[in-house]
Amino acid sequence: MPSIQKGRVALPHFLKKILQAFLLLKKDVQRTDRFQASSLAAVAKSAVRFNGDVFYRRITLELKAGEILALIGENGAGKSTLIKCCSGAVIPTSGKIIVNGKEFSSMTPQLASENGIAIIYQEFNNVKELSAAENLFLGHPIRKGMIVDKKAMEAEAAKAFEQLHIKIDPKALMKDLTVGYQQMVEIAKAIQQNARILIMDEPSAPLTSAEVESMFEVVELLRK
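Residues numbered from 1 in each chain as written. Predicted model: local features only at pLDDT ≥ 70, side-chain atom pairs only at ≥ 80, totals over all residues. Heavy atoms only, no water.

Caption draft 1: Broad picture of helix 1 (residues 79–87). Judged by how many residues are buried, helix 1 sits mostly within the fold: seven of nine residues are covered. Along helix 1, the positions that sit buried rather than exposed are Lys79, Thr81, Leu82, Ile83, Cys85, Cys86 and Ser87. Looking one or two places after helix 1, you find Gly88, whose phi comes out positive at around 95°. (Buried < 20%, exposed > 50% of the residue type's maximum accessible area, 1.4 Å probe, protein only. Helix = DSSP H or I, 4+ residues; strand = E, 2+ residues; numbered from the N terminus.)

And the structure:
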């Protein structure tokens, strides 16, 4: 079976080669029994098996606050499966997940969200017919009484985009945005939902060279 490799390397050259990138956004963490106090999260001795087939075995991965961690491996090495274990889409056969000192045998999407884990998959979780602002608040819109307050969402979206130093019209429909800008909306959405751990699945794969450079700039901004 292909192997997974871990590495911590400075931006931007290494990120150009990544298949998966883990972004760590917060710096205040608690000590766990087995990992360093600076660790924000960890996956310990995790394994996944389906119908006797081993997708990966005994993976231990430590994520530190304020760093960018890239995970590299051949096709079939188990990178996406590991990501899905962190998001709750897949239940590991063994091992544990530790987030800010709390241990879990497995995650659910809701539990991952409650513990500040956000995933940006290759296929973005957006609605093409809605605006960038509406996608930013997808599933939890700002309301004024019983009515969705679009103006308030557009104002908050503008603030979120400004924070990332990106120029996106909050009223623009997602279908009219480039893939690079759609990805930026996904990143802004994660921050808006108070994500502390942002996991991106092959973030540079669908982007042009210019969009990749823009993504690097936003990633470095988040790291700081």
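Once you've had a look at it, read on.
Caption draft 2: Fine view of the pattern of salt bridges. Counting across every chain of the model gives five salt bridges. Notably, a salt bridge pairs Lys175 with Glu129, separated by 3.2 Å at the nearest N-O pair. One end of the pair, Lys175, is in the loop between helix 4 (150–163) and helix 5 (179–192); the other, Glu129, is in the loop between strand 8 (117–120) and helix 3 (132–136), and 46 residues separate them in sequence. Residue Lys175 is classed as partly exposed on the basis of its relative accessible area, which comes to 44%. For Glu129, a relative accessible area of 53% puts it in the exposed group. (Salt bridge = Lys/Arg side-chain N within 4 Å of Asp/Glu carboxyl O.)

Caption draft 3: Representation of the layout of surface pockets within the structure. Taken as a whole, the largest pocket holds about 480 Å³ of empty space. Every element with two or more residues in the lining of the largest pocket is listed here: helix 2 (109–114), strand 8 and helix 5. It is strand 8 that contributes the most residues to the lining of the largest pocket, four residues altogether. Estimated volume of the second largest pocket: approximately 230 Å³. Around the second largest pocket sit 15 residues that line it, and His165, Ile166, Met184, Ser214 and Val218 are the ones nearest its centre. Residue assignment for the lining of the second largest pocket shows that the elements contributing at least two residues are helix 5 and helix 6 (209–223). Element by element, the count of residues in the lining of the second largest pocket is highest for helix 6, at five residues. Here the residues of the lining of the second largest pocket are counted per class, giving seven nonpolar, five polar and three charged. (1 Å grid on protein atoms, 1.4 Å probe; cavity = no way out; pocket = protein on both sides within 12 Å on 5 of 7 lines; lining within 4 Å. Points joined across faces, edges and corners; volume = space filled by probe spheres on them. Nonpolar A, V, L, I, M, F, W, Y, C, P; charged D, E, K, R; others polar.)

Caption draft 4: Quick peek at the packing of helix 4 against helix 5. Relative orientation of the contacting elements helix 4 and helix 5 amounts to 105°, with a least axis distance of 10 Å. Between helix 4 and helix 5, the interaxial angle falls into the category roughly perpendicular. Here helix 4 contributes Glu156, Ala160, Phe161 and Gln163 to the contact with helix 5, which in turn contributes Val185, Ala188, Ile191 and Gln192. Its residues assigned to classes, the contact of helix 4 with helix 5 comprises five nonpolar, two polar and one charged. (Axes fitted to C-alpha atoms, helices over the stretch in contact; angles between N-to-C directions. Parallel < 35°, antiparallel > 145°, perpendicular 65-115°, else oblique. Contact = heavy atoms within 4.5 Å.)

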